[in-house]
Amino acid sequence: MTTPRPEYPRPHFDRSHSWLTLNGTWDFRADPAERYSADAPDGYDRAITVPFAWETPASGIAEHWLQTAWYRRTFTVPADWAGQRVVLHFGAVHHAATVWVNGTEVAHHEGGYTPFAADVTDALGEGEQRLTVRVHAPADKLDIAHGKQRSMPRDDYDGVCFTPSSGIWQSVWLEARPATHLAALRLRPNDDLTGITVEAVVHGPAADRAELRLRVRDEDTAVTATVDPDGRLRTELPLSAPRLWSPEDPHLYHVDAELTSADGTDRVAAYTGLRTIAVDGEALYLNGRRLFVRGVLDQGYWPGTGITAPDDTALRRDLELAAEAGYNLVRKHLKLEDPRFVHHADTLGMLLWAEPASPGRFSPASTAAFVEQIEPMVERDGNSPAIVIWGLYNEEWGLDWDIPGDPAKQRATADAYDRLKALDATRPVVDNSGWTHVKTDLLDWHYYDESAASWATTVAGLLSGERDDFPVKLGPDFVVHKKLAVPGQPLRGLPNLNSEYGGGFTGLDRAWHLRWQTQELRRHDRLAGYVYTELYDIEHESAGLLDFGRGAKDLAGVDPAHANAPTTLVLDVTPVAPGRDLLTADRDFTVDVHVSHHGTDPVAGTLHTTWTPVYARTPDAPGDAVPGCRAEAKPYVLGAPVTVPATLPEGWTSGRLHLALVVDGTVAARTALDVDTRTAPHIGDDPLAHPTARPRAATAPAATGR
């Protein structure tokens, strides 16, 4: 059998010169009555494939609502590890794991998304070793961090949750290291982006006399220093010709660390990138350049394998699919993802918004479980240049949907923010994504709406300051208006992001909302970005641009990359319905067109048009230039309207008008307008029939958030 997930699991702290994977086939016994002990040999009647949760077909078990089970296997320590300490690593186990080696308990860990390790050397014997793991994954998950895994009893947000993923769901492996060893190697760009600041932590009996040599690979940069008596070392690695990391040029600096002590030599490799992410007023800046977030939600589920990617390629492919759809950021939702996902984002240049899993209710236990994820999250992934935003709570999940009404929940939210900022002040932090903020660096909001008119009106009101709340539909007849922030948290002077949006229940509907809702976001210069919900369907949730298997869906000819491009066209149209954006009684009409441009230099070009049937894909050619229609825009300033005349082809009662901005012979932006004359006699003086009318309709209820 081929070993599943055979790649080295921890790229940001790499001891791959001395490791052994334990992924593969293990013995398995279910223990619903919790009657077995670690030394009981009976009951192992099935085999399970690690690292796949026991609910998944990939595990070979596919058993649901099992709360307790045991894993068992044997291993042999490589002979060339003699004299070294042998360390057993678990990437993640949901939820509580107790580990024995040869009958000796070596570890107990709670927290289904955080890694843990144990030095098992003293438990080893001669020859073959026996490894036993007991996992308890409670059906009632409300007081533990479980993210989008369904709970019994149910969460308030159960309708947007999925099949639980219990047991060992990330890689298990062994490493060899000396007794005195590197415990952490934190790499951050220095303030002026000319070098790498290194913070090393050394553990072991000879830590206070150890020497650490640091070398930047492929550079003439090396530093040797003595570790402080407290086992710490801080130094800087200067770079002769610094090269910044960015989505356009994701250059990485690899650092080789060699620790020498009386116990021997420990070698670790790590890497980072030179980049800054900063908040300045209402804008985000990456390396001093304005950044507009074009993000997409990714929840990290796969058919057949649950929250574990089927292979390393699948992690990378999801990032590539997001990039192909025009996105520059992926928000990994309510899940500390496999570290290799972060690694692939680093190498591909995809920005990340990372956040921990949420609990289901507010209690001392759930609050503690939530904050216990923060330090491991930063420790594990903090070297990543791709992570530019840290998230914390989401929509008051785990806070009983009641931040505004409870000072204790406000304190818990502010405390989580303070903890995270104390660990990493270099990235912006979102305290409670989407709903009422308490203490935050970004003012984000989740707004779902099935009405194009009220969508435009509400977004405009939020960004103009005319309103400081928005509707959220929590049930069929239950709509609440969520405040952007509690008193004391400023509503202005911070970057605004619409960090969840989307509408429709079919591919056609969702593509239509994607096109028009994203256009409205691009209309407003003060917006700092958006995150679309979502990249792919999951189980019962059909909100993706792709299906659950990452296959193409019928998007009615809409290419998401056109809606998410750095340069887009914004039409002064409030559309009526899919396939009928504009209703007009005349074949001849005009439409006002603006350019929204997020490049570094102004853009100017000519507008071109061509016709196809409604729902047709965009033709390769931009069509004919429209005489006198030249459009331009400065960076991050919506261009002035340009009136474009058009005529529906002879004999057509409907059609799709494709518009393109051509700059120096290259298409820089595209959009489309579906025009229909057949219903025009029935609409009378409806202002929606006029392409330049922008009525402000009453706000409609929003869809439930995710």
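Rules behind the numbers
- Residues numbered from 1 in each chain as written.
- Predicted model: local features only at pLDDT ≥ 70, side-chain atom pairs only at ≥ 80, totals over all residues.
- Heavy atoms only, no water.
- 1 Å grid on protein atoms, 1.4 Å probe; cavity = no way out; pocket = protein on both sides within 12 Å on 5 of 7 lines; lining within 4 Å.
- Points joined across faces, edges and corners; volume = space filled by probe spheres on them.
- Helix = DSSP H or I, 4+ residues; strand = E, 2+ residues; numbered from the N terminus.
- Nonpolar A, V, L, I, M, F, W, Y, C, P; charged D, E, K, R; others polar.
- Buried < 20%, exposed > 50% of the residue type's maximum accessible area, 1.4 Å probe, protein only.
- Contact = heavy atoms within 4.5 Å.
- Phe/Tyr/Trp six-rings, centres within 6.5 Å; stacked < 30°, edge-to-face > 60°.
- Lys NZ or Arg CZ within 6 Å of the ring centre and 35° of its normal.
- Core = buried A, V, L, I, M, F, W, Y, C linked by side-chain atoms within 4.5 Å.
- Axes fitted to C-alpha atoms, helices over the stretch in contact; angles between N-to-C directions.
- Parallel < 35°, antiparallel > 145°, perpendicular 65-115°, else oblique.
- Left-handed = near helix turned anticlockwise from the far one by under 90°.

> Could you give an account of empty space enclosed by the protein, with specific residues and numbers?
According to the stated counting rule, one finds seven cavities of 30 Å³ or more in the structure shown. In terms of lining, the largest cavity is formed by 18 residues, of which the most central are Arg515, His562, Ala563, Arg670 and Thr671. Residue assignment for the lining of the largest cavity shows that the elements contributing at least two residues are helix H7 (507–522), helix H8 (560–563), strand S33 (567–571), strand S39 (654–663) and strand S40 (666–676). Residue contributions to the lining of the largest cavity peak at four residues, all from H7. For the lining of the largest cavity, a count of residues per class yields five nonpolar, eight polar and five charged. The calculated volume of the second largest cavity comes to roughly 90 Å³. Along the walls of the second largest cavity sit 13 residues, with Lys332, Lys335, Glu337, Val342 and Ala354 positioned nearest its centre. Of all elements in the fold, only helix H2 (339–348), strand S25 (351–354) and helix H4 (374–381) reach the threshold of two or more residues within the lining of the second largest cavity. Examining the composition of the lining of the second largest cavity, we find that three residues originate from one element, S25, more than from any other. In the lining of the second largest cavity, the residues fall into seven nonpolar, no polar and six charged.

> Could you give an account of helix H3 (residues 364–371), naming the residues involved and the relevant values?
When we look at burial in H3, the residues that qualify are Ser366, Thr367, Ala369, Phe370 and Val371. On the buried face of H3, the contacting elements are H4, strand S26 (387–394) and helix H5 (407–423).

> Residue-level account of the side chain of Ser165, with values.
Note on placement: Ser165 falls in the loop between strand S10 (128–136) and strand S11 (167–168). Filtering out sequence-adjacent residues up to four positions away, Ser165 remains in contact with Ala53, Glu55, His94, Gln149, Gly306 and Ile307.

> Requested: an account of the packing of aromatic side chains, with residues and values cited.
Scanning all chains against the criterion turns up 20 aromatic pairs. Taken together, a centroid distance of 6.4 Å and an interplanar angle of 65° make the contact between Tyr447 and Phe470 edge-to-face. With Tyr447 in the loop between strand S28 (443–446) and helix H6 (452–464) and Phe470 in strand S29 (residues 469–475), this residue pair connects regions lying 23 residues apart in the sequence. For the residue pair Tyr447 and Phe470, the accessibility class agrees, reading buried in each case. Aromatic ring contacts, followed pair by pair, group Phe292, Tyr447, Trp455, Phe470, Tyr501, Tyr530 and Tyr532 into a single cluster. Above the ring of Tyr44, the side-chain terminus of Arg72 is found at 4.0 Å from the ring centroid. Here the guanidinium or amino end of Lys332 rests over the ring plane of Phe341, the centre of that ring lying 4.1 Å away.

> How would you sum up the nonpolar core? Please name residues and give values.
Leu352 and Trp445 are the most contacted members of the largest nonpolar core, which totals 93 residues. In this structure, Leu352 is in contact with Leu319, Leu329, Val330, Phe341, Val342, Ala345, Ala386, Ile387, Val388 and Ile389, ignoring residues within four places of it in sequence. Counting residues in hydrophobic clusters, the runner-up holds 33 residues, among them Val50, Tyr71, Val93 and Val120.

> Describe the packing of H4 against H5, with residues and values.
Viewed as axis vectors pointing N to C, H4 and H5 meet at an angle of 25°, and their least axial separation amounts to 10 Å. In terms of orientation, H4 and H5 fall into the roughly parallel class. When the axes of H4 and H5 are compared, the crossing they make is right-handed. Residues Ile374, Glu375, Met377 and Val378 of H4 form the contact with H5, whose participating residues are Ala416, Arg419, Leu420 and Leu423. The class makeup of the residues in the contact of H4 with H5 is six nonpolar, no polar and two charged.

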